[in-house]
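Listed here are the chains, written in short residue letters.
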Amino acid sequence: MLNASALQHGVALPRAFPSYPQLLAFLLIIPLINATATYAQNRAYTTPNAPLLGAAWYPEQWPESRWDADLALMEQAHFSVVRIGEFAWSAMEPSENHYEFAWLDRAIALAARHHIAVVLGTPTDAPPAWLTSQYPQTLRVDESGNRAQHGNRRQFSYSNPLYRRLCADIVRQMARRYGHNPNVIGWQIGNEYTDESFDAATRAQFQQFLHEKYKTLANLNAHWTTAYWSQTYSAWSQIPLPAHGGNPGLLLDHKHFVTATWRSFQKNQIDTLRPLITSSQFITTNIGGLAWSDNWDHYAITADLDLVSWDNYVGQGHLDVPKNAMLNDFVRGWRRQNFWVMETQPGSVNWAPVNNALSPGETRALAWQDVGHGADAILYWQWRSALNGQEQYHGAIVGPDGKPNPIYPEIQQLGAEFTKVRSALAGTSPLANIALLHTYDSRWAIDLQPHNRNYEQQQVLLDFYKPLENIAESNGGSVDIVDPTTAQLNNYKLLVAPSLNVIDDTLAAKLTAWVKAGGHLLLGPRSGMKDQFNSLNQQRQPGPLVPSLGARVEQYYALDRSVQLVSPSNSLHLAADSTAAIWAEALSPVSSDTSVNLEYIDPQGWLDHQPAMVTRSLGNGWISYLGTLPDSATLDRILRHAAQDAGIDSTSASPNGIELCRRVSGDGRRSLLIVINHTSKTDSITLPARYRNLLRRQEGPPTDRLSATETTITLPAQGVAVLVPEAQP
Ligand code: GLA
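Residues numbered from 1 in each chain as written. Predicted model: local features only at pLDDT ≥ 70, side-chain atom pairs only at ≥ 80, totals over all residues. Heavy atoms only, no water.

*Asks:* Sorry if this is basic, but what is going on with the overall build of the protein here?
*Replies:* The helix and strand tally for the protein stands at 19 helices and 28 strands. Here the C-alpha atoms of the protein give a radius of gyration of 27 Å, agreeing with the 27 Å that 2.2 N^0.38 yields for 729 residues. The principal-axis extents of the C-alpha atoms in the protein amount to approximately 80 × 80 × 45 Å. Each of the 729 residues in the protein was classed as buried or not, and the buried ones make up 60%. (Helix = DSSP H or I, 4+ residues; strand = E, 2+ residues; numbered from the N terminus. Rg over C-alpha atoms; globule rule 2.2 N^0.38 Å. Buried < 20%, exposed > 50% of the residue type's maximum accessible area, 1.4 Å probe, protein only.)

Below, the structure is given as structure tokens:
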């Protein structure tokens, strides 16, 4: 029987596949992996009474006589939070320095009477018309040199000092008024930082940013290799703001500049808020781009916040279960903490090519999956569509007549369920001893020059994530996705880096020390090709990790067809039809103790019999390099092998279609399981011991239940159960 000690020290692993009930026994017995691990390093906001349910509400769009009816409907749906104000600048400051907050006072007070707390948005994503007409220099300029006009949102220049001063003014007024309001629990800065500006003043700031970074032009010219195409700069003012491509060093630094500029845009507001608000109010921003956009470095921007929140939309189609799991884990990795879903769709959106609705039950399953992966609040966008404005077709909870839409009862059910699980969920988080490594420098470096247009990084990450998440799930754990340059790595047993393209000397030293101390590191294709200036590493891949790996990449190839993979002496037990596609690197050991785990078979081709994967023991751990993208069965096999070697049981698989998400309290003593049937048919699982289903209904069909005396739980399509061990108070 596997036990906690085995999980922690990697010994006594069972060789035979345990049955599924055995597996679930592990979930019950293992109070597990050191729970304090990766969540203790930031100033963390803990959401009281999580999970919270709510919506974006826009009282400024409706007659005040309507507010009470809206809030009463929300209360009946068990809402505990609304986000308001993030687009209400013209209502708060109708003309310069003339403020009107009485309506907002009344809206917040009325929400309190309905037991609904408020997150206040600073309205800086949508400056009012008086501002943009009086100060047109605050309007952003796009890549083609066109200045934005009023009539949309996001029309401001993020770097403009005057705009920032005007933002600080309105934020100061709000903070003075609501910074100690007991019904305001937090602040959202702006809304989905999105558009950069390409105006002349921003270009000058970019040049100044480079000057501070490189100190001398000779240094910049050397790192960017500007001798190429006669790009050498002899004055800082010659350096362009790259709108349409350019030198890879310049492009990577522009991403750094965009990150720094949004960070200082945000900091301007944090610094205004912080001295005027109570320490119990959190500061966040809602991150858009479906979490994956790479306009700026999300680890850097969220480092200055108390709480991460993101906007989780499915858009066209239906819930993609592994992808949504991965995106939530990705978001959790930004600060290695639980997070909020600040916006999600009540059925449908208005911006996809086809704005279909999620099926009945799917909106609820999506919310529970988010909670299972670390969400502490779910807020819908939006409560009710404005009668006019650009988003009339977006999904909403009530219709234009103010009466509930068909989605309302499903969200109401969710609200009732959230109230039932609160005490069990308090202080719990997903827990991981496996991490995927991800950095924005690597993302940017590859996307600037993909070399094969089929090398899609989200898909590559998902391909690696799926088997690892399955391994983690069957051990009662989760997968973290973290930036290795800043994250503590000590509590992980296995690190997998699918496309860690940029590895500098500092990161290489950190990873090498971690491996020597007993960690297991699997580098994926394209790792270590570049340094932090987006220059080619002269050692070839994986750059400064070549001495640790005892091998290097001889040549990389973009594949226009698949090639066969074999494992010498079949140590990986590969199927005969194993293949690799899209990308292939031929490796070459440079150290006698580096072993070859995989080879390509490519008759008459460059890759024939070249190593595709190598491994070397280093100190108490090992380091491997996989130079290609294998088919899913082969990748599953490789990753299970890697996990097993790292002391993580990978011999069992979690069941298809039913997802088990485990959250554990900080002291490791309490846990709960969120079980979701993502299939379209009723299905059952048998548990090894007795749990209580906190969502158990007394009446209705015999589904969605766990009887007190049996251990089989039957869930209908999209059914959810929240289980706590029977012995747990
Ligand atoms: C974004 C914005 C919201 C709204 C929604 C619609 O997430 O933050 O204001 O426009 O999209 O899906």
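That was the structure; now back to the text.
*Asks:* Help me out: how do you make sense of the sheet that holds strand S23 (residues 671–677) in this one?
*Replies:* Adjacent strands of a sheet form backbone hydrogen bonds with each other and so pair up, either parallel or antiparallel. Ordered in space as S10-S22-S23-S28-S25, the five strands form an open sheet in which the pairing is antiparallel. Only two strands of the sheet have a single partner each, and these edge strands are strand S10 (428–429) and strand S25 (691–693). Of the strands in this sheet, strand S22 (658–665), S23 and strand S28 (720–725) are in contact with helix H13 (residues 362–372), which crosses S23 at around 150°. (Pairing = 2+ DSSP bridges. Contact = heavy atoms within 4.5 Å. Axes fitted to C-alpha atoms, helices over the stretch in contact; angles between N-to-C directions.)

*Asks:* Explanation requested: the nonpolar core in the structure shown.
*Replies:* Where a protein is soluble and globular, its nonpolar side chains tend to be buried together. In terms of nonpolar packing, the biggest core is built from 153 residues, with Phe79, Leu120, Ile239, Trp368, Trp383 and Leu494 touching the most fellow members. Other than its neighbours up to four places away in sequence, Trp383 contacts Ala55, Ala56, Trp57, Asp70, Leu73, Met74, Phe79, Ala396, Ile397, Val398 and Tyr408. Ranked by size, the runner-up nonpolar core spans 27 residues in total, among them Leu437, Ala497, Leu511 and Leu521. (Core = buried A, V, L, I, M, F, W, Y, C linked by side-chain atoms within 4.5 Å.)

*Asks:* Even after reading the chapter, I still don't get the sheet that holds strand S2 (residues 81–84), so can you show me in this structure?
*Replies:* The nine strands lie next to each other as S5-S4-S3-S2-S1-S9-S8-S7-S6, forming an open sheet whose pairing is parallel. Unpaired on one side and paired on the other, strand S5 (282–284) and strand S6 (286–287) mark the two borders of the sheet. Relative to strand S9 (residues 375–380), strand S1 (residues 52–56) is paired through four bridges, and the arrangement is parallel. Across the sheet, Leu53 pairs through a bridge with Ile378, a residue of S9. Lying on the sheet, helix H12 (residues 321–335) is in contact with S6, strand S7 (308–312) and strand S8 (339–344); it crosses S7 at an angle near 155°. This element, helix H14 (residues 408–425), spans S1 and S9 of the sheet and lies at about 140° to S1.

*Asks:* Help me understand the pattern of salt bridges, please; the structure alone is not making it clear to me.
*Replies:* Oppositely charged side chains may form a pair once their charged atoms are brought near each other. Scanning the model with the defined rule gives 26 salt bridges in all. Between Arg106 and Glu64 there is a salt bridge, and its shortest N-O distance comes to 2.5 Å. Linking Arg106 in helix H5 (residues 102–113) with Glu64 in helix H3 (residues 64–76), this pair joins segments that are 42 residues apart in sequence. A residue is classified by how much of its surface remains accessible, and Arg106, at 40% relative accessible area, is partly exposed. Judged by relative accessible area, which is 35%, Glu64 ranks as partly exposed. Linked by salt bridges that have partners in common, Arg83, Glu86 and Glu343 make up one network. (Salt bridge = Lys/Arg side-chain N within 4 Å of Asp/Glu carboxyl O.)

*Asks:* Please explain the site of the ligand as it appears in this structure.
*Replies:* Close to the ligand lie Phe87, Arg153, Asn191, Glu192, Asn286, Asp311, Tyr313, Glu343, Trp351, Trp381, Glu391 and His394, which account for all nearby residues. Asn191 has a polar side-chain atom sitting 2.8 Å from an oxygen atom of the ligand. A total of 310 Å² of accessible area belongs to the ligand in isolation, and the protein chains cover 95% of it. Across the shell around the ligand, the residue classes break down as four nonpolar, three polar and five charged. (Near = heavy atom within 4 Å. Polar contact = N/O pair within 3.5 Å; in protein donor to acceptor, adjacent residues only side chain to side chain. Areas by Shrake-Rupley, 256 points an atom, 1.4 Å probe, with all protein chains shown as cover. Nonpolar A, V, L, I, M, F, W, Y, C, P; charged D, E, K, R; others polar.)

*Asks:* In this structure, what is going on with the side chain of Arg154? I would like to understand it.
*Replies:* On the secondary structure map, Arg154 appears in the loop between helix H6 (129–134) and helix H7 (161–178). In terms of polar contacts, Arg154 uses its side chain to reach the side chain of Glu192, at 2.9 Å.

*Asks:* Before we go on, may I ask you to explain the packing of aromatic side chains in this structure?
*Replies:* In this description, an aromatic ring pair is defined by two values, namely the gap between the centres and the angle between the planes. Tallied over the entire structure, the rule returns 31 aromatic pairs. Taking the centre distance of 5.6 Å and the plane angle of 65° together, the rings of Tyr299 and Tyr440 count as edge-to-face. One end of the pair, Tyr299, is in helix H11 (residues 298–302); the other, Tyr440, is in helix H15 (residues 440–448), with 141 residues separating them in the sequence. Ring pairing ties together the aromatic residues Trp89, Phe156, Tyr158, Tyr163, Tyr193, Trp262, Phe265 and Trp296, which thus form one cluster. Directly above the aromatic system of Trp62 lies the positively charged group of Arg384, at a separation of 3.7 Å from the ring centroid. Of note, Arg443 hangs over the ring of Trp292, and the distance from its end group to the ring centre comes to 3.8 Å. (Phe/Tyr/Trp six-rings, centres within 6.5 Å; stacked < 30°, edge-to-face > 60°. Lys NZ or Arg CZ within 6 Å of the ring centre and 35° of its normal.)

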